[in-house]
Amino acid sequence: MSSSRRLFFALTLPDALQQQVIRWRAEAFAPEVGRPVAAANLHLTLAFLGDVSAQKESALKKLAGRISQPGFSMVLDDLGHWPRPGVVWLGTRRAPRGLLQLAELLRSQAARSGCYQSPMPFHPHITLLRSATQPVAVPPATPGWNFSADEFALYQSVFENGRTRYQMLDQWSLTH
Ligand code: 2AM
């Protein structure tokens, strides 16, 4: 059995917000637009790590545990469609400095630990629909949910029985 796991650092959406988002999504997008991401899988990725060995995972967890940064909040008021990966996403027009700093730190720690990091700029987003490769009429606005991040987490992406599930492995508080 391989000891490497497919990992990423992310912000978790609180349960209540997950439910609000999926209720809105069901009205905002026709079923044929794309495959809805399960409520429990809604998250905002901070750093994607790829397949990581147990040793590297443990080093990255130690580094994450030393991060001392205040929490932050943002308004989820942006929507977009990336036709190539077939993703419809929810984001923010004004990314808080704390979010950008946290992602930058996790991404640079990952790069220094040998995890390939995309040269594309960080674009904070929550994937709502996948397999959305045809043109999409993106609604002009969202309800503008407020999303407060008080912690961040390390997740494993598990593919089983034809489904992807994200399992939280560890979580760290953002200080106040
Ligand atoms: P996505 O939602 O835009 O597809 C788990 O797969 C998380 O890691 C998802 O948020 C996914 O982003 C992100 N992810 C997957 N592969 C990635 C890659 N090669 N580079 C950056 N992020 C990636």
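Residues numbered from 1 in each chain as written. Predicted model: local features only at pLDDT ≥ 70, side-chain atom pairs only at ≥ 80, totals over all residues. Heavy atoms only, no water.

(A) Expanded view of the sheet that holds strand S7 (residues 126–130). Taken together, the four strands give an open sheet; going across it, the order is S2-S7-S6-S5, and neighbouring strands pair in antiparallel fashion. Of all the strands in the sheet, the pair left with one neighbour each is strand S2 (35–36) and strand S5 (78–82). Here S2 pairs with S7 via two bridges, running antiparallel. Within S7, the residue paired with Pro36 across the bridge is Leu129. The strands that helix H1 (residues 15–28) touches are S2, S5, strand S6 (87–91) and S7; relative to S7, the one it contacts most, it runs at about 35°. (Pairing = 2+ DSSP bridges. Helix = DSSP H or I, 4+ residues; strand = E, 2+ residues; numbered from the N terminus. Contact = heavy atoms within 4.5 Å. Axes fitted to C-alpha atoms, helices over the stretch in contact; angles between N-to-C directions.)

(B) Structural view of the pairing of strand S10 (residues 163–173). Strand direction decides the pairing type here: strand S9 (residues 151–160) and S10, joined by 10 bridges, are antiparallel. By the bridge assignment, Tyr155 is partnered in S10 with Met168. Hairpin connection of S9 to S10: two residues between the antiparallel strands, including Asn161 at a positive phi of 50°.

(C) Local environment of helix H3 (residues 97–112). An ideal rise of 1.5 Å per residue puts 22 Å on 16 residues; H3 measures up with 22 Å between its terminal C-alpha atoms. Within H3, the full set of buried residues consists of Gly98, Leu99, Leu102, Ala103, Leu106, Arg107, Gln109 and Ala110. In a view along the axis of H3, the buried residues occupy a sector of 160°, so they form one face of it. Seen from the buried face of H3, the exposed residues on the opposite side, beyond 90 degrees, are Arg97, Glu104 and Arg112. Immediately beyond the C-terminal end of H3, within one or two residues, lies Gly114, with a positive phi of roughly 95°. (Expected span 1.5 Å × (residues − 1). Buried < 20%, exposed > 50% of the residue type's maximum accessible area, 1.4 Å probe, protein only. Arc of directions from axis to C-beta.)

(D) Broad picture of the pairing of strand S4 (residues 72–76). Side chains of S4 alternate between two faces, with Phe72, Met74 and Leu76 buried and Ser73 and Val75 left unburied. Bridge count between S4 and strand S8 (residues 145–149): five bridges; the pairing is antiparallel. Counted as the bridge partner of Ser73 is Ser148 from S8.

(E) The arrangement of the sheet that holds S10 in detail. Overall, antiparallel pairing links the four strands, which are arranged S3-S1-S9-S10 in an open sheet. On the outer flanks of this sheet lie strand S3 (43–52) and S10, each paired with one strand and no other. Averaged over all pairs of adjacent strands, the angle between their axes in this sheet comes to 25°, without regard to strand direction. Where strand S1 (residues 5–12) lies against S9, four bridges are found, and the strand directions are antiparallel. Considered in S9, the bridge of Leu7 is made with Gln156.

Honestly, it's all geometry; don't read function into it.
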